[in-house]
Number of protein chains: 2
Amino acid sequence: MEERAQNEPEAAALVSDTGLAARPSLCALKDRVRSGDPRALGRAATLVENQMPGGRELLDALFADTGRALTIGITGPPGAGKSTLVSQLTRVVRAQGKTVGILAIDPTSPYSHGAILGDRIRMQDHHSDAGVFIRSMATRGQLGGLARATFDVAMLLDASGRDVILIETVGTGQDEVDIAEMANVTVVVLAPGLGDDVQAIKAGIMEIADVFAINKADLPGADQLEQDIRTMQSFGESAERKAAAPVRRVIASEGRGIEDLLGAIMNVSNSRTGSRSSELAWQNRLRHMLRDYLYQAVPQAEIERHAQLISSRAESPYSAVEQIAKSVLPL
Amino acid sequence: MEERAQNEPEAAALVSDTGLAARPSLCALKDRVRSGDPRALGRAATLVENQMPGGRELLDALFADTGRALTIGITGPPGAGKSTLVSQLTRVVRAQGKTVGILAIDPTSPYSHGAILGDRIRMQDHHSDAGVFIRSMATRGQLGGLARATFDVAMLLDASGRDVILIETVGTGQDEVDIAEMANVTVVVLAPGLGDDVQAIKAGIMEIADVFAINKADLPGADQLEQDIRTMQSFGESAERKAAAPVRRVIASEGRGIEDLLGAIMNVSNSRTGSRSSELAWQNRLRHMLRDYLYQAVPQAEIERHAQLISSRAESPYSAVEQIAKSVLPL
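Given the structure is predicted, the values throughout are model-derived calculations rather than measurements.

### What about the pattern of salt bridges?
All names here are of chain A.
Turning to step 1, where the next piece is worked out: For the structure on display, the rule yields 28 salt bridges over all chains.
Turning to step 2, where the next piece is worked out: Residue Asp129 is joined to Arg94 by a salt bridge in which the shortest nitrogen-to-oxygen separation is 2.7 Å. Taken together, the residues span a long stretch of sequence, with Asp129 in the loop between helix H6 (124-127) and strand S3 (132-136) and Arg94 in helix H5 (residues 82-95) at a distance of 35 residues.
Turning to step 3, where the next piece is worked out: Asp210 is the salt-bridge partner of Arg272, the closest N and O atoms lying 2.5 Å from each other.

The following block contains the structure:
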């Protein structure tokens, strides 16, 4: 509350300025983000998340400081225990003296919107730790906006010197896959006993897993679940890349198996330090950013005019797209 | 199997032709789709889903025949019983003498990829009914491709004279929201007893519901669930539009409450017959299609060159996007 109140006048003040050098407050914010100040991070995150004036310049100015953090995507169906696992991974990483940034995109996450349904703030242990920065991302933004916003805030966390960034997201939908692909390492969390329907979800997320975590491994069905994963790996389309994704068993609620899981994550990360893998990741992200940018370049009046023609069946949708594109693209 | 084998040679033959008039096989396919032939529909769906040559021309040629079907989106968390509900709605619609098309996008759906985990083909009743066309859509396609493919196949079903099109999708992720927004009416299916985590998902899908279906209404917790929905409706941001979304209780496994639910769906549909609402829907779809079109217009070489610069921190991502866009856009 207090942060928001302070935030808005500052953002408003930035509107009239141009360029980072001409914006003392933005320059100060940049320095404070770089120093790791959590309040500055929160303010900066609000700027870039909502695409407020100054956010873009801030990201540009901080970009040279990025590229050091290890970004771990934690994904999986509701009920698999992702939030508890994120909390436990945070504990282990902190015990190693490293700092952590958490981005919660999962709508079921106890620290995001889901919290309105109850007081399920399992992360309370970490809320008083300045070495842990927690940010909930809205799950329903504008088209393609969630992946962009998540990536931008992750860059801020990276520039602020956070050693490890954990991105928690429920593993369905293209947006979630896009977000998982941003991470250096993607962990898919599954659990026995979620029922047929939920287990079936794993058919969709098998291919993005770098590491599998079987949570609640003390429950009956853990063996079967591991066997299912192995079976599906042997059928995998992208077998050459993902077949070897290691499987680790954890009991997150008791903190068991977490070090072992983190070790498997680090192994994957260490195997990917080449600049080639970084370039491929950037190709992916660039295409995303371009898509959103070009999308915004199309005038609303053109859209409205053609929507009317289509609605009256005077024009087909694909002809409309071609005509609008012709008016926007040089070709 | 047989269908696929027949399908590929035909698609290949189309490659060398240009224009629908010059393509006798495509012209014949169009006529057979219009006549409602299920085999032709399956073939046409494969063409447009995979963006094979001829697909675009087929959609253009059939567009004048679209706009008559009622499209119903069925969404909700895994375990809510969406597939059973789709099957029951199909039964009731068929009993009224109307034809049905079903698009299953949900990865947990028994007739999509989820089926590899078990023989859960609850739709077997309808498989022998020529008045019911069932198509499973792949859940992991290219960027933004799932929404496009779903929409294109729905247009084919519409042109083929299907009276009602049911689109089943698990309700998380931007793609799912996009798909739900394509439908004339969106039904959000919830059920008691799915656990805290799963219930929390509804925080994300409240806003897209035109109608709520509380499935498994005989289970304890149905009252509480309805109360939760009412409470959240009273807090809703888009209260003016969605606050009145009716709530209906069903027991899909026993076929109870289905007529009542369908009545609520028809009420919403009847209230939306104005051309204004059709135009707004088309604006939405046009923006989607344009985003994908423009995205594909960017040369891969440019992407690669800038990804390399970014990866070596010689350029910031947003500068890269601006430069690439400048080279593509006329401004």
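### A look at the sheet that holds strand S1 (residues 70-76) of chain A
Residue and element names in this part refer to chain A.
Turning to step 1, where the next piece is worked out: As summarised here, the arrangement of the seven strands in space is S3-S2-S4-S1-S5-S6-S7, forming an open sheet in which the pairing is parallel. A single partner strand is all that each edge strand has here, and the edge strands are S3 and strand S7 (247-249). Pairs of neighbouring strands in the sheet enclose a mean axial angle of 20°, with direction left out of account.
Turning to step 2, where the next piece is worked out: By the bridge criterion, five bridges tie strand S2 (residues 100-104) to S3 in an arrangement that is parallel. Looking at S3, one finds that Ala104 is bridged to Ser136.

### Brief notes about helix H13 (residues 258-270) of chain A
Residue and element names in this part refer to chain A.
Turning to step 1, where the next piece is worked out: Between the first and last C-alpha of H13 there are 18 Å, a value that for 13 residues agrees with the 18 Å anticipated at 1.5 Å per step.
Turning to step 2, where the next piece is worked out: Looking at H13, one finds that the buried residues are Ile258, Leu261, Leu262, Ala264, Ile265, Val268 and Ser269. Buried residues of H13 fall within an arc of 155° about the axis and therefore sit on the same side.
Turning to step 3, where the next piece is worked out: On its buried face, H13 sits against S1, H5, strand S5 (185-190), strand S6 (211-214) and S7.

### Remarks on the pairing of strand S1 (residues 70-76) of chain B
Taken residue by residue, a regular strand's side chains alternate between the two faces of the sheet.
Residues and elements named next belong to chain B.
Turning to step 1, where the next piece is worked out: The buried fraction of S1 is high, at seven of seven residues.
Turning to step 2, where the next piece is worked out: Here seven bridges tie S1 to strand S4 (residues 164-170), and the two strands are oriented parallel to one another. Directly across from Ile74, in S4, lies its bridge partner Glu168.
Turning to step 3, where the next piece is worked out: As defined by bridge partners, S1 adjoins strand S5 (residues 185-190) across four bridges and the pair is classed as parallel. The residue bridging Ile74 from the neighbouring strand is Val187, located in S5.

### Some thoughts on the environment of Ala44 of chain B
All names here are of chain B.
Turning to step 1, where the next piece is worked out: In this fold, Ala44 is placed in helix H3 (residues 38-49).
Turning to step 2, where the next piece is worked out: Here the alpha-carbon distance between Ala44 and Leu58, two residues 14 residues apart in the chain, equals 7.9 Å.
Turning to step 3, where the next piece is worked out: Discounting residues that sit within four places of it in the chain, Ala44 has contacts with Leu29, Val33, Leu58 and Leu156.

The rules behind each value
Residues numbered from 1 in each chain as written. Chains lettered and ligands numbered in written order. Predicted model: local features only at pLDDT ≥ 70, side-chain atom pairs only at ≥ 80, totals over all residues. Heavy atoms only, no water. Salt bridge = Lys/Arg side-chain N within 4 Å of Asp/Glu carboxyl O. Helix = DSSP H or I, 4+ residues; strand = E, 2+ residues; numbered from the N terminus. Pairing = 2+ DSSP bridges. Axes fitted to C-alpha atoms, helices over the stretch in contact; angles between N-to-C directions. Expected span 1.5 Å × (residues − 1). Buried < 20%, exposed > 50% of the residue type's maximum accessible area, 1.4 Å probe, protein only. Arc of directions from axis to C-beta. Contact = heavy atoms within 4.5 Å.

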